[in-house]
Amino acid sequence: MKIKYDVLSLDLLNRIDEEMWDSKINFCWCSSYFAWESQLNSGVMGNVLIKPLSDKLENLVIEEIKSYVPFYKHIKISCNLWLPNSAISCHDDAHTSWAATIYLNEEWNPDLGGWFMWKETGDIWKSISPKRNLMILNHNHQMHCVTPVVHDSPHPRRSLQIWGTELDEFMI
């Protein structure tokens, strides 16, 4: 895993925030229950709401992160709202060349859960609490998961999920 801080400009972060909040009543969100393979939801009580980032903002994000990510022919970016009790079970993103997460919450109390955990070596696992504008890049197909967001979280954990592939088309 690679960790990078301050990957997006403040203006772009604000535009993404605006798009996410403006779309919360437009019935454009899908549930992780339907969108993810069943093993990703194993043992998970809650749902993540997912929608594609608009083409305009996706192009701006790509421009700002391109120096941090490996080669790709195609890239997809989704907006994720991690609701109370949401999580994702261990997986390695084998379906894509690499994957990245960029956290969007202005502040996130570590007591709210939603920690990103990854297997470093052997039985060693590391974790990091969400921090605005922090990007985690999984470029080596390391096993990872997200711990559950607490049941009484006052707001969703917000992130961008990014997948890059060297293939001619996505397998997602």
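Residues numbered from 1 in each chain as written. Predicted model: local features only at pLDDT ≥ 70, side-chain atom pairs only at ≥ 80, totals over all residues. Heavy atoms only, no water.

A. Layout of helix 3 (residues 55–65). Taken residue by residue, helix 3 has Leu57, Glu58, Val61, Ile62 and Ile65 as its buried positions. Angular distribution of buried residues about the axis of helix 3 spans 140°; they occupy a single face of the element. Within helix 3, the exposed residues directed more than 90 degrees away from the buried face are Asp55 and Lys56. Summarising the contacts, the buried residues of helix 3 are in contact with helix 1 (10–22), strand 4 (74–82), strand 6 (98–103), strand 9 (134–138) and strand 11 (157–165). (Buried < 20%, exposed > 50% of the residue type's maximum accessible area, 1.4 Å probe, protein only. Helix = DSSP H or I, 4+ residues; strand = E, 2+ residues; numbered from the N terminus. Arc of directions from axis to C-beta. Contact = heavy atoms within 4.5 Å.)

B. Up close: the sheet that holds strand 8 (residues 124–128). Taken together, 4 strands build an open sheet; the order of strands is 5-10-7-8 and the sheet is antiparallel. Unpaired on one side and paired on the other, strand 5 (88–91) and strand 8 mark the two borders of the sheet. Across this sheet, the average inter-strand angle for adjacent strands is 20°, counted without regard to direction. In the sheet, strand 5 pairs with strand 10 (residues 144–146) via 2 bridges, with the strands oriented antiparallel. (Pairing = 2+ DSSP bridges. Axes fitted to C-alpha atoms, helices over the stretch in contact; angles between N-to-C directions.)

C. Structural view of the sheet that holds strand 11. With antiparallel pairing, the 7 strands of this open sheet are ordered in space as 1-9-6-11-4-3-2. Edge positions in the open sheet fall to strand 1 (2–5) and strand 2 (30–31), since each of these has one partner strand only. With 4 bridges joining them, strand 6 and strand 9 adopt antiparallel strand pairing. Paired with Ala99 across the strands is Asn138, a residue of strand 9.

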